[in-house]
Amino acid sequence: EEVNADGLYVLPGAIDSHVHFRDPGYPHKETWKSGSAAAACGGVTTVFDMPNTSPPTGTVEALQMKLKAAESSYVDFGIHALFGDDTVDHLEALLEAGATSFKAFVGNTFGNLPAPTDGCLLEGFEKLAPLGIRTTVHAENSSIMARRTSHLKDSGRTDPLAHLAARPAVAEIEAIGRVLTLAEWTGARVHIAHHSAADSLYVLRDAKRRGVDVTVETCPQYMLLNTGDMLRLGGVLRVNPPVREARHNQPLWDAMMEGVIDMIATDHAPHAPEEKTRPNIWECDCGFPGVETQMPLMLTEINRGRATIMDYVRWSAEAPAKAWGLWGVKGIVAPGAHADIAIVDMDRRGVLSENRLRSISRISPWHGRTVQGYPLHTIVRGRFVMRDGELVENAAGWGKSVKGVQRMPEPKVRHADTFVKAITDPEAAAREAAAAAEE
Ligand code: DOR
Ligand code: ZN
Ligand code: ZN
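Residues numbered from 1 in each chain as written. Chains lettered and ligands numbered in written order. Predicted model: local features only at pLDDT ≥ 70, side-chain atom pairs only at ≥ 80, totals over all residues. Heavy atoms only, no water.

1. Quick word on the pairing of strand S2 (residues 14-19)
Item 1. For S2, the tally of buried residues reaches six of six residues, placing the bulk of the element in the interior.
Item 2. With four bridges connecting them, S2 and strand S3 (residues 44-49) associate as parallel partners. Looking at the pairing, Val19 lines up with Asp49 of S3.
Item 3. For the crossover that starts at S2, traverses helix H1 (residues 32-41) and ends in the parallel S3, the hand is right-handed. (Buried < 20%, exposed > 50% of the residue type's maximum accessible area, 1.4 Å probe, protein only. Helix = DSSP H or I, 4+ residues; strand = E, 2+ residues; numbered from the N terminus. Pairing = 2+ DSSP bridges. Right-handed = clockwise from strand over helix to strand, strands pointing away.)

Here it is as structure tokens:
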């Protein structure tokens, strides 16, 4: 098949390591077919799906159900399985059954999955560290947020900013600090999801300098929207973590340029329009679709000179490929790599519209926003899944799990080796202690 790319840019397809395709469990919000069609139309060639489906992706059976549903995918995919107190004893079984990675809901959110206890985080990290498998963390402190939420509800607050008040930036700072402490101790690889606050960047910068293997994503909503938009949009923009005050926007850009934030993801979190537009903010579901609007939004900022197209490729493709063990195979246009390609028109202008979304959730805080820069063609492993701006309908099912090509780099195990010995080989630990006492 040929395509005229005169005047267009050929980019590696975006890798969005944070989507909620809701399948199985919530077909009125999204399915694998609709969500992956949205990805294809957004220039996204690989997605990683989150485990807060129904059933949650925390058992081998649930994982098999998800893999079955994903057979209809237009794009390649990884599966983040659930990391929690109920799953920590069978993480290896989940990996064997096809999980690529894990997600820990340290902050409460849609699906109401219980936050892993700190003991569970430590134990799971100890297990995953030698395997080199990365765990994504939704890092907000649930106890701070539960207390704040009940206080605000009791005092009768139902306005949009009450959502922000319930989830202050300090909840994010605290959870990130705690997770990084455990990651550093164990040598586990972690990934901070949807980083939203300027105030917690120093914690990440410090950890990276010390050599903690932490990768960080932010999303277009945190870079481009703020509480002003929350007042305007209310429940439509309700998302966890919340979009924050305007002072947070530019520092996130600066952190992307600096490399403290590694990548762009979307937290594509579709809900039905009626679930997003209730008058009481507490009754509006959190999240909104994003997988098909990320590229036009970001290319628009590139056109405005806020970063270069090479910066964008690093954030959208190279960094996620490296984080998830796909580097060399995906995230790069090069000999030997999969032909996962987004061909973009940097000049094309348009207005983002809910009516044109492929997602079943046709509601978006980006509705009405003027953009310049669109993906026109999307190619997954050499096959068009979007052509001339149109979904290639019969490419449904072309998407494959990346499990077959995922190769996590060798882990660097840190303090955990000595710590674990006291559990796994108590006799050896006792011999060492006795020898030390004699010296
Ligand atoms: O706003 C959100 N929605 N944040 C999350 O962390 C989860 C997501 C969802 O699944 O709806
Ligand atoms: Zn999350
Ligand atoms: Zn999410």
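Now, onward.
2. Focus: the packing of aromatic side chains
Item 1. The tally for this structure, following the rule as stated, stands at six aromatic pairs.
Item 2. The rings of Phe21, Trp32 and Phe77 are connected pair by pair, giving a single aromatic cluster.
Item 3. One cation-aromatic arrangement involves Arg348 over Tyr374; the distance from NZ or CZ to the ring centre is 4.8 Å. (Phe/Tyr/Trp six-rings, centres within 6.5 Å; stacked < 30°, edge-to-face > 60°. Lys NZ or Arg CZ within 6 Å of the ring centre and 35° of its normal.)

3. Things to note about the coordination of the zinc ion (ligand 3)
Octahedral six-donor coordination of a metal ideally yields angles of 90 or 180 degrees, compared with 109.5 degrees for tetrahedral four-donor coordination.
Item 1. Distances from the zinc ion (ligand 3) to its protein donors, namely His18 (NE2), His20 (NE2) and Asp267 (OD), fall within the range 2.0 to 2.1 Å.
Item 2. Here the zinc ion (ligand 3) and the zinc ion (ligand 2) are spaced 3.5 Å apart. Taken together, the positions of His20 in the loop between S2 and H1 and Asp267 in the loop between strand S9 (263-264) and helix H12 (273-276) put the pair 247 residues apart, joining distant regions of the chain.
Item 3. Overall, the relative accessible area of 6% leaves His20 in the buried class. (Donors = N, O, S within 2.8 Å, 3.2 Å for Na, K, Ca; no water.)

4. Here we look at the packing of helix H4 (residues 118-128) against helix H7 (residues 169-186)
In a pair of packed helices, the angle between the axes and the distance between the axes together describe the arrangement.
Item 1. Between H4 and H7, the least distance of the axes is 9 Å, while the angle of their chain directions is 35 degrees. Our pair here, H4 against H7, has a crossing hand that is right-handed. Every residue of H7 that contacts H4 at Asp118, Leu121, Leu122, Phe125 and Glu126 is listed here: Arg178, Val179, Leu182, Ala183, Trp185 and Thr186.
Item 2. The class makeup of the residues in the contact of H4 with H7 is seven nonpolar, one polar and three charged. (Axes fitted to C-alpha atoms, helices over the stretch in contact; angles between N-to-C directions. Left-handed = near helix turned anticlockwise from the far one by under 90°. Contact = heavy atoms within 4.5 Å. Nonpolar A, V, L, I, M, F, W, Y, C, P; charged D, E, K, R; others polar.)

5. Let's talk about the site of ligand 1
Item 1. Neighbouring residues of ligand 1: 14 residues in total, closest Arg22, Asn52, His138, Asn240 and Cys286.
Item 2. Measuring from an oxygen atom of ligand 1, one finds a side-chain N or O atom of Asn52 at 2.9 Å.
Item 3. Taking Cys286, its main chain carries an N or O atom lying 3.0 Å from a nitrogen atom of ligand 1.
Item 4. The protein chains hide 100% of the 290 Å² of surface that ligand 1 would expose on its own.
Item 5. In the shell around ligand 1, the residues fall into four nonpolar, eight polar and two charged. (Near = heavy atom within 4 Å. Polar contact = N/O pair within 3.5 Å; in protein donor to acceptor, adjacent residues only side chain to side chain. Areas by Shrake-Rupley, 256 points an atom, 1.4 Å probe, with all protein chains shown as cover.)

6. Describing helix H14 (residues 309-323)
Structural remark: α-helix, 3.6 residues per turn; residues separated by three or four positions point the same way.
Item 1. Under the 1.5 Å per step criterion, the end-to-end length of H14 is 20 Å for 15 residues, consistent within 8% with the ideal 21 Å.
Item 2. At Trp315, H14 is bent by approximately 40 degrees, the largest bend along its length.
Item 3. Within H14, eleven of the 15 residues are buried, which leaves it mostly tucked inside the rest of the structure.
Item 4. Every buried residue of H14 is accounted for by Ile309, Asp311, Tyr312, Val313, Trp315, Ser316, Ala317, Ala319, Pro320, Ala321 and Ala323. (Expected span 1.5 Å × (residues − 1). Bend = angle between axes of the 7 residues up to and from the residue.)

7. Focus: helix H5 (residues 142-154)
Item 1. If you check H5, its first and last C-alpha atoms are 18 Å apart, about what 13 residues at 1.5 Å a residue would give, namely 18 Å.
Item 2. For H5, the set of buried residues is Ser142, Met145, Thr149 and Leu152. Buried residues of H5 fall within an arc of 100 degrees about the axis and therefore sit on the same side. Relative to its buried face, H5 has exposed residues pointing more than 90 degrees away, namely Ser143, Arg147, His151 and Asp154.
Item 3. Those residues of H5 that are buried are in contact with helix H6 (160-166) and H7.
Item 4. N-capping of H5 is provided by Asn141, with a side-chain oxygen placed 2.9 Å from the backbone N of Ser143.
Item 5. One or two steps after H5, the chain reaches Gly156, where phi turns positive at roughly 85 degrees. (Arc of directions from axis to C-beta.)

8. Here we look at the confidence of the model for the protein chain
Item 1. On average, residues of the protein chain carry a pLDDT of 96, and 98% of them reach 70 or more.
Item 2. As a predicted assembly, this complex carries a pTM of 0.96 together with an ipTM value of 0.98. (pLDDT = per-residue confidence, 0-100.)

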